[in-house]
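Letter by letter, the chains look like this.
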2 protein chains.
Amino acid sequence: MIKLAPGINTSINKEVNYKNRGMNFENEINLSNQYYLNNDIAIIYKKPTPIKIIKTKSYNNSYKIEEAIFLAPSTTDYNGIYKGRYIDFEAKETNSITSFPLSNIHYNQLIHLERIINHGGIGFLLIRFNRLNLNYLVDFKIVKCMEKLGRKSISIETIKKDGFLIPSKYNCPIDYIKIVDKIYF
Amino acid sequence: MIKLAPGINTSINKEVNYKNRGMNFENEINLSNQYYLNNDIAIIYKKPTPIKIIKTKSYNNSYKIEEAIFLAPSTTDYNGIYKGRYIDFEAKETNSITSFPLSNIHYNQLIHLERIINHGGIGFLLIRFNRLNLNYLVDFKIVKCMEKLGRKSISIETIKKDGFLIPSKYNCPIDYIKIVDKIYF
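This write-up is about the structure you can find in this document. Just so you know, these numbers come straight off a predicted model, no measurement behind them.

Quick look at the overall build of chain A now. A count of helical and extended segments in chain A gives five helices and ten strands. For chain A, the proportion of its 185 residues judged to be buried stands at 50%. Carbon and sulfur atoms make up 49% of the accessible area of chain A, which amounts to about 8,800 Å² in all.

Right, let's talk about the layout of surface pockets for a bit. Empty space among the atoms can be located by rolling a probe the size of a water molecule over them. When its volume is computed, the largest pocket comes out at roughly 840 Å³. For the largest pocket, the lining is made up of 34 residues, of which Glu26(A), Asn30(A), Lys46(A), Lys47(A) and Pro48(A) are closest to its centre. Among the elements of the structure, α1 (25-38) and β1 (43-46) of chain A together with β2 (51-59) of chain B are those that each provide at least two residues to the lining of the largest pocket. In the lining of the largest pocket, the residues fall into 14 nonpolar, 14 polar and six charged.

Another aspect to go through is unusual backbone geometry. Residue and element names in this part refer to chain B. At Asn60, a residue that is not glycine, the phi angle is positive and equals roughly 50 degrees. In this structure, Asn60 sits in the loop between β2 and β3 (62-70). For Asn60, a relative accessible area of 54% corresponds to the exposed category. Unlike most non-glycine residues, Asn171 shows phi in positive territory, near 70 degrees.

Through backbone hydrogen bonds, the strands of a sheet pair up, either in parallel or in antiparallel fashion. Read across the open sheet, the four strands follow the order β2(A)-β3(A)-β3(B)-β2(B); overall the sheet is antiparallel. On the outer flanks of this sheet lie β2 (51-59) of chain A together with β2 of chain B, each paired with one strand and no other. Between one strand axis and the next, the sheet turns by 20 degrees as a mean value, whatever way the strands run.

Each copy superposes on the other: chain B lies on chain A with an RMSD of 0.0 Å after a rotation of 180 degrees and an axial shift of 0.0 Å. The transformation relating the two chain copies, once decomposed into turn and shift, fits a two-fold axis. A high fraction, 100%, of the interface residues of chain B reappear at the interface in chain A, so the copies pair face to face through one surface.

With that settled, the discussion passes to the pattern of salt bridges. Inspection of the entire model under this criterion finds 18 salt bridges over all chains. Where Lys83(A) meets Asp181(A), a salt bridge forms, and the shortest distance between an N and an O atom there is 2.7 Å. On the criterion of sequence distance, the pair formed by Lys83(A) in the loop between β4 (78-82) and β5 (85-94) and Asp181(A) in helix α5 (residues 176-184) is long-range, its members being 98 residues apart. Judged by its relative accessible area of 49%, Lys83(A) is partly exposed. Among the ionic pairs, Glu90(B) bridges to Lys92(B), the shortest N-O distance being 3.3 Å. One network of salt bridges, in which partners are shared, links Glu114(A), Lys144(A) and Glu147(A).

Quick look at the side chain of Asn135(B) now. Residue and element names in this part refer to chain B. Considering the arrangement of structural elements, one finds Asn135 in strand β8 (residues 134-139). With relative accessibility at 10%, the residue Asn135 sits in the buried group. Those residues in contact with Asn135 that lie beyond four places of it in its chain are Phe25, Ile127, Arg128, Phe164, Leu165, Ile166 and Ile174.

Reading the values: the criteria
Residues numbered from 1 in each chain as written. Chains lettered and ligands numbered in written order. Predicted model: local features only at pLDDT ≥ 70, side-chain atom pairs only at ≥ 80, totals over all residues. Heavy atoms only, no water. Helix = DSSP H or I, 4+ residues; strand = E, 2+ residues; numbered from the N terminus. Buried < 20%, exposed > 50% of the residue type's maximum accessible area, 1.4 Å probe, protein only. Areas by Shrake-Rupley, 256 points an atom, 1.4 Å probe, with all protein chains shown as cover. 1 Å grid on protein atoms, 1.4 Å probe; cavity = no way out; pocket = protein on both sides within 12 Å on 5 of 7 lines; lining within 4 Å. Points joined across faces, edges and corners; volume = space filled by probe spheres on them. Nonpolar A, V, L, I, M, F, W, Y, C, P; charged D, E, K, R; others polar. Pairing = 2+ DSSP bridges. Axes fitted to C-alpha atoms, helices over the stretch in contact; angles between N-to-C directions. Least-squares fit on C-alpha atoms with pLDDT ≥ 70 in both. Contact = heavy atoms within 4.5 Å. Salt bridge = Lys/Arg side-chain N within 4 Å of Asp/Glu carboxyl O.

Below you can see the structure in the form of structure tokens.
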């Protein structure tokens, strides 16, 4: 039995954001990815939560999990392809109204995003400010700069200046591909 | 509670291949991916098995899964980036010595691979013939051709002719990137 490391994303410990018709950030991103898939725009999926299965039980020619634990993620939650390019990102929410704490991102995820960029992929964060009801795309190089400057967080001013506010449209609540298209292509 | 659809990959219903020092195909691919990562060659991961969590229990400020079921995969098991390009594949084993049955691949996975190719990604199968102790890379277009011809399987002759035998090297038992490099770049 391991403890859940900080930043591990599970549906059970997530608050519901009532401002968005009861949908949380993850659900809105999944809905947007489904919109991209249905309209043949991009193929991007959330990876399943990594778990370690301890005990299973046979049931109707199949198996049921009777005991399992959550594992720390070694990569980000989302990846896929858009216009032939590899896309990789992590999505995080914060209740702060002044900054995004870098401690919200797992060390493994920072290493992973850096590798992706070095290999020619596109890597970023999607950040929701719950209490401001604003969603931003923040390129990984901004995260790297803040780290290099020894910062523990990215201020909302930096995010507003160097990040990109994500628009919303019908059936695509977090239309981040619009920003991806604008800044990486 | 759903039944496990045919072709769902779980560690519990997989035979151990004693021919390969007790390592099964999945473990050998994971080891190869780790080799690519350690040597900064490619960044390719196996996705966690998709599950639906039904019941959890609080334990030491964390959570433990007490009930969960396996879900049918909507994508392939592996994806990542190599030389800036998006890579996506499914790995399958067969005990047949004459052909690879196409029923081994989930319908969702075929649709997914087709989308990936259409969006400029690289998509293929890694196939292990357990009793022949041979591993092949088979490009997705071969699978599509066989489907179009109404075939239920790909014969070993076709695989030997149009597929690529995967070499093995120290610390990289399934060196499929060598083949990827040769045929897609």
